[in-house]
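Single-letter residue listing:
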Amino acid sequence: MTERVVHRICPLCEASCNLELRVEGDRVAAIRGYEDDVLSAGFICPKGVALRDLHEDPDRLRAPLVKRDGVHVEVTWEEAFAEVERRLPPIQAAHGRDAVAMVFGNPTAHKIGLLLYASRLGRALATRNVYSASTLDQMPKQLSSGLMFGHWLSVPVPDVVRTDLLVVIGANPVVSNGSMWTVPDFRGKAKAMQARGGRLVVVDPRRTETAQLADRHLFIRPGGDAFFLLGIVHALFAERLVRLGRIAPHVAGLAELEAAVAGFAPELVASRCGIAADDIRGLARELAAAERAAVYGRIGTCTQAYGTLASWLVDVINALTGHLDEPGGAMFPKAPAFAANTAGPPGRGKGIAVGRRRSRVGGAPEVFGELPMGCLAEEIETPGEGQIRALVTVAGNPVLSAPNGPRLAAAFARLDFMVSVDVYLNETTRHADVILPGLSPLEEMHYDVAFPQLAWHNVARVSPAVFAPPAGRPAEWEILLRLLAIATGRGARIDVHALDDELARDDVARVAGPMADAALAAVAGRRGPARLLDLALRAGPYGLTLAQLEAAPAGLDLGPLAPRVPEVLRTPSGKIELAPPQLLEDLARARADLAQPAPDLVIVGRRQLRSNNSWMHNLPTLAKGPFRCTALVHPADATRLGLADGGRARIAGSGRTIDVVVEVSDEMMPGVVSVPHGWGHDQPGTRMAVAAARPGANLNAVLDEAARDPLSGNAVLGGVPITMQAL
Ligand SMILES: Nc1nc2c(c(=O)[nH]1)N[C@H]1C(S)=C(S)[C@@H](COP(=O)(O)OP(=O)(O)OC[C@H]3O[C@@H](n4cnc5c(=O)[nH]c(N)nc54)[C@H](O)[C@@H]3O)O[C@H]1N2
Ligand SMILES: Nc1nc2c(c(=O)[nH]1)N[C@H]1C(S)=C(S)[C@@H](COP(=O)(O)OP(=O)(O)OC[C@H]3O[C@@H](n4cnc5c(=O)[nH]c(N)nc54)[C@H](O)[C@@H]3O)O[C@H]1N2
Ligand code: SF4
Ligand SMILES: [Mo]
């Protein structure tokens, strides 16, 4: 048997670790971290090891399924596409383009074929009904970054290897391995910071794994972040601690900002956020005094009613304390390809637009081309012009990942047609009439389109496929192109490679004009995502080629993060907008809410090392060990409510209930319960034997799909009032 060692970037989370695989014949014998990698330097987590389980999982779909008489049966690819062609175009013809909706899930962001080609399909469908995990996740951060810096992905990240003070709010990177921040081995980097005298401060309603590593942990009342951060901004102004430093000439709105935070002194916000005024002032002074410091906020600061305000204030504080765009502060990575903030004339741009259209039923504004996931069910259920009658899902499981999943499941069941590009028959895809499975990640090349734009260090890395795809199996980009051909009336039998040539030619002609032929000739011999990548690398800020990346399996080191203001900006003013009018207006909502008393009991989410949202509970190496879908309850709450450790309890919220196992823990802030999301694998008609053996409960069943941050449309997933009683 031939044995070989190959390298492959892990597609499972944003850390993007490069892994070393020992391969024997057509089997993976072992997986470990690749020590020479320029970004991840040997780091790996249990999910990376589980890539082998994923590759081998007998439940992972390898052939398309079509639902016949309520049961999913295997069919050929021709039959599957013929079924789509028989059913989708008539719905478009009878009811218009908006009658077909698209849902993109999290893995779309991790696979170049899905990301580049699902957006092609979305454009071709030309529907207003586009939904994604972004409005369950980071849309507030993208919106605040867009308003401040001019582009949706111009998001500053902590320069962790040079900072002396890192404040982490609503994130648990020791477990999640970082998000909107590509930072493999966060723990090692945090410890190195502490070893050189730096401090880690964590603000979280749970004493998380990251908080346990911290020099200081502050409990915060869920949903209180905007108030806490406003208190810091107020203190910075009131105590004359503001110093913009080098970016001063590039900043607009300082006076407006100072006026707008007038009513938010630390003493006034303290009870709303659950953090004492002295602690707020103390942190403001510490940040202002630190030579190098960065504030980082993540999903806890986004998935709440003031997500956009909180996301904005994080970067406002970085700017006011002289730490934005400075080494050791919050900096903008410079990606080798696909980054809008390296394209076009530097320093100024069109900025972003929101609300170009509104959702039909709820009137929610479009943000970054999408409508809030919380609007999807009502758009399917409500009759009238523009009602959704057909759905295309790509790598998404909203029945478990979106608030009020049960309502979504019922809505999916009444669609005229649903097609899912997905690798499992799960809680969402069981409603699909056709399921089209992609390849195993190990059978595809890999390049991270988004994450080099968010990485702790500038790098360029690509991985070739580890195994050749099985004969007759299309790649996901080919599946998506065939769907595109069906949706645009060109038929299921189209030559997808000719179509790909045509689309690539159109793209290049748009950006390269008369140089298009030369640009295409340079990448002749490439097709699909690899061609688009080669074109993007060549047009990128380092002028690289795909061949150069292929020749460097450990990656190309493009250097530490470097200051980019003003070149990175794409705002119409050419300035960093510290006080966007939409955000100042939204402060009125916060002001009116200042006196809101804390509910008796609220629920928040929790990520776990051996889990990945809703879809990796079927992999044996991850699923083994103690049952993890537990509700963490503070001892005082447990006593008050008569809950016993290990006992069962019923959680009621938003008019629905789930039953959970209680784990009494003083990690929790009193009055806050923590339950992981992505569980609830007890639906009939799914095919995930390992997950079904220990299904857990769906946290999102007790959350409210109508609760949103009105600016970004992002779902409120934390701080939701619940009641709990022993069973
Ligand atoms: N209450 C609560 N809810 C949450 C969160 C929370 O913190 N609390 N977090 C939210 C966040 S941040 C996110 S990102 C979402 C995630 O929610 P989703 O976007 O729904 O993503 P996953 O749950 O990861 O489900 C991934 C889907 O993609 C499929 N899949 C896996 N690999 C592939 C592949 O290679 N190709 C294809 N085509 N399909 C694949 C899986 O089978 C599954 O159906 O959940 C959100 N929901
Ligand atoms: N192992 C593992 N890794 C993952 C994932 C996974 O499911 N498993 N999911 C991936 C995905 S899709 C994402 S988006 C990232 C997310 O990455 P992180 O943002 O690091 O996500 P969490 O670990 O959920 O951390 C969120 C923290 O916010 C806290 N919190 C809840 N409500 C509030 C609040 O109102 N204010 C504050 N300040 N804190 C609050 C929670 O207690 C929790 O500790 O992780 C990714 N990585
Ligand atoms: S940290 Fe993320 S990228 Fe790294 S091995 Fe684990 S899942 Fe894969
Ligand atoms: Mo996410």
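Conventions used here
Residues numbered from 1 in each chain as written. Chains lettered and ligands numbered in written order. Predicted model: local features only at pLDDT ≥ 70, side-chain atom pairs only at ≥ 80, totals over all residues. Heavy atoms only, no water. Core = buried A, V, L, I, M, F, W, Y, C linked by side-chain atoms within 4.5 Å. Buried < 20%, exposed > 50% of the residue type's maximum accessible area, 1.4 Å probe, protein only. Helix = DSSP H or I, 4+ residues; strand = E, 2+ residues; numbered from the N terminus. Contact = heavy atoms within 4.5 Å. Near = heavy atom within 4 Å. Polar contact = N/O pair within 3.5 Å; in protein donor to acceptor, adjacent residues only side chain to side chain. Areas by Shrake-Rupley, 256 points an atom, 1.4 Å probe, with all protein chains shown as cover. Nonpolar A, V, L, I, M, F, W, Y, C, P; charged D, E, K, R; others polar. Domains from an automatic or database assignment. Buried area = accessible area lost by both parts, 1.4 Å probe. Salt bridge = Lys/Arg side-chain N within 4 Å of Asp/Glu carboxyl O.

So, about the nonpolar core. Core analysis: the largest hydrophobic core is formed by 66 residues, its most contacted members being Val167, Phe228, Leu257, Trp312, Leu320, Ile576 and Leu578. Top element by residues in this core is helix H9 (residues 225–238). It accounts for ten residues. Ignoring anything within four residues of it in the chain, the contact list for leucine 320 reads Val233, Leu236, Phe237, Leu241, Val242, Arg243, Leu244, Leu254, Leu257 and Leu578. Formed by 63 residues, the second largest nonpolar core is a distinct cluster that contains Met102, Leu439, Leu483 and Leu499.

A separate point is the site of ligand 2. As a matter of local geometry, ligand 2 sits amid 31 residues, with Ser176, Asp204, Gly223, Asp225 and Ser611 nearest to it. Between ligand 2 and serine 176 there is a distance of 2.7 Å, counted from an oxygen atom to a side-chain nitrogen or oxygen. Separating a nitrogen atom of ligand 2 from a backbone N or O atom of leucine 609 is a distance of 3.5 Å. Relative to its free-state accessible area of 920 Å², ligand 2 is covered by the protein chains to the extent of 96%. Broken down by secondary-structure element, the contributors of at least two residues to the shell around ligand 2 are helix H6 (173–176) and helix H13 (299–302). It is H6 that contributes the most residues to the shell around ligand 2, three residues altogether. For the shell around ligand 2, the per-class residue count stands at eleven nonpolar, 14 polar and six charged. Counting only domains with at least three residues in the shell around ligand 2, you end up with domain 3 (148–338 + 573–592) and domain 4 (602–726).

When its domains are assigned, the protein chain resolves into domain 1 (3–56), domain 2 (65–127 + 372–448 + 459–557), domain 3 (148–338 + 573–592) and domain 4 (602–726). The C-alpha-based centres of domain 3 and domain 4 are spaced at 28 Å. In this complex, domain 3 contributes 23 residues to the contact, which on the side of domain 4 involves 24 residues. Taken over both partners, the interface formed by domain 3 and domain 4 buries close to 1700 Å², and the fraction arising from carbon and sulfur atoms is 62%. Its largest share of buried area at the contact with domain 4, domain 3 owes to Arg206, Pro222 and Thr303, together 30% of the area lost on that side. Between domain 3 and domain 4 we count three salt bridges in total. Note that glutamate 667 is salt-bridged to arginine 206, the shortest N-O span being 3.0 Å. Along the contact surface separating domain 3 from domain 4 lie seven residue pairs in polar contact (both at pLDDT 80 or more). Listing elements by their share of the side of domain 3 that touches domain 4, those giving two or more residues are H6, H13, helix H14 (307–320) and helix H23 (581–592). No other element matches H23, which puts four residues into the side of domain 3 that touches domain 4.

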